[in-house]
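Examination of the molecular architecture
Residues per chain are reported as follows:
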Amino acid sequence: MGRLKKGDIFNRIAYELFGVKIGEDEEVVPSAGVAAKQDGKHPAAQKPAPVVPAPEPVKPAPAVATTYIAPGTELTGTLKTDSNVEICGKFEGDIISTGTVLLRADHHGNVTAKQLELNGKSMQGDATVSDAMTIGEGSVITGNLVVGTLICRGIINGDVQCSGDVTLGKTARVTGNIQAATITMEKGCSVKGNITVS
């Protein structure tokens, strides 16, 4: 095998890193330890390790779209979507979403979602939430809740069935029965109903 010419370091690096020969009539001598000329001074020649293609770059997960109902908008009907939902306008009807629903306006209708957040507004209807539901201070919900976890700082008029943890902040007021795996109650909250922890 021939020796690299002075100044031909790029070719050597390209061959060792990528298995690429620059120029068809040149031979490249890999670095010692990978393969070398057998002449008594160097160990026996070895075949270079096979070139493993680089893995495909990881593509970032696509951003989840949000269905937005702006202030001043009024809608009636059923909203069914795989995206997140943010309601700032008036919407009367059921919401069915596989994402997060943010209610920033009063809502009349049932909600089924992965997560539900009620911020200082009212909701009249039942909620089925597979993950977490948050009822902020100043919020009022009149309806039954079936949730994974619940954080409440507002008012609930209805029964709560929770497969996980219920946390009632000091401003929480519940009129109805609560069934949960665990319950945490801050001093000042009130519950008018039965509590079952199982």
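Above this note sits the structure.
Rules and cut-offs
Residues numbered from 1 in each chain as written. Predicted model: local features only at pLDDT ≥ 70, side-chain atom pairs only at ≥ 80, totals over all residues. Heavy atoms only, no water. Helix = DSSP H or I, 4+ residues; strand = E, 2+ residues; numbered from the N terminus. Buried < 20%, exposed > 50% of the residue type's maximum accessible area, 1.4 Å probe, protein only. Contact = heavy atoms within 4.5 Å. Areas by Shrake-Rupley, 256 points an atom, 1.4 Å probe, with all protein chains shown as cover. Core = buried A, V, L, I, M, F, W, Y, C linked by side-chain atoms within 4.5 Å. Salt bridge = Lys/Arg side-chain N within 4 Å of Asp/Glu carboxyl O. Pairing = 2+ DSSP bridges.

All right, on to the overall build of the chain then. Per the secondary structure count, the chain includes one helix and 22 strands. Across the 198 residues of the chain, 32% fall into the buried class. Taking contacts inside the chain between residues at least 6 apart in sequence as the whole, the part at least 24 apart equals 3%. Of the roughly 12200 Å² that the chain leaves accessible, carbon and sulfur atoms contribute 54%.

Another aspect to go through is the nonpolar core. Met 133, Leu 145 and Leu 150 are the most contacted members of the largest nonpolar core, which has 32 residues in total. Those residues in contact with Leu 145 that lie beyond four places of it in its chain are Ala 127, Met 133, Ile 135, Leu 150, Ile 156, Asp 159, Val 160 and Gln 161.

Tallying each qualifying case throughout the model produces two salt bridges. As a salt-bridge pair, Arg 104 and Glu 86 come within 2.8 Å of each other at their nearest N and O atoms. Within this pair, whereas Arg 104 is found in the loop between strand S7 (100-103) and strand S8 (107-108), its partner Glu 86 is found in strand S4 (residues 84-87), the two being separated by 18 residues in sequence. Here Lys 90 ties to Glu 92 by a salt bridge, and the two come within 3.6 Å at their closest N and O atoms. Given the relative accessible area of 30%, Glu 92 is considered partly exposed.

Examined bridge by bridge, strand S12 (residues 127-135) and strand S14 (residues 145-152) share seven bridges and lie parallel to one another. Bridge pairing in S14 links Ile 135 to Cys 152. As paired strands, S14 and strand S16 (residues 160-162) are joined by three bridges and run parallel to one another. Note on S16: the bridge partner recorded for Leu 145 is Val 160. The pairing of S14 with strand S17 (residues 165-168) spans three bridges and is classified as parallel. Its bridge partner lying in S17, Cys 152 is registered against Leu 168.

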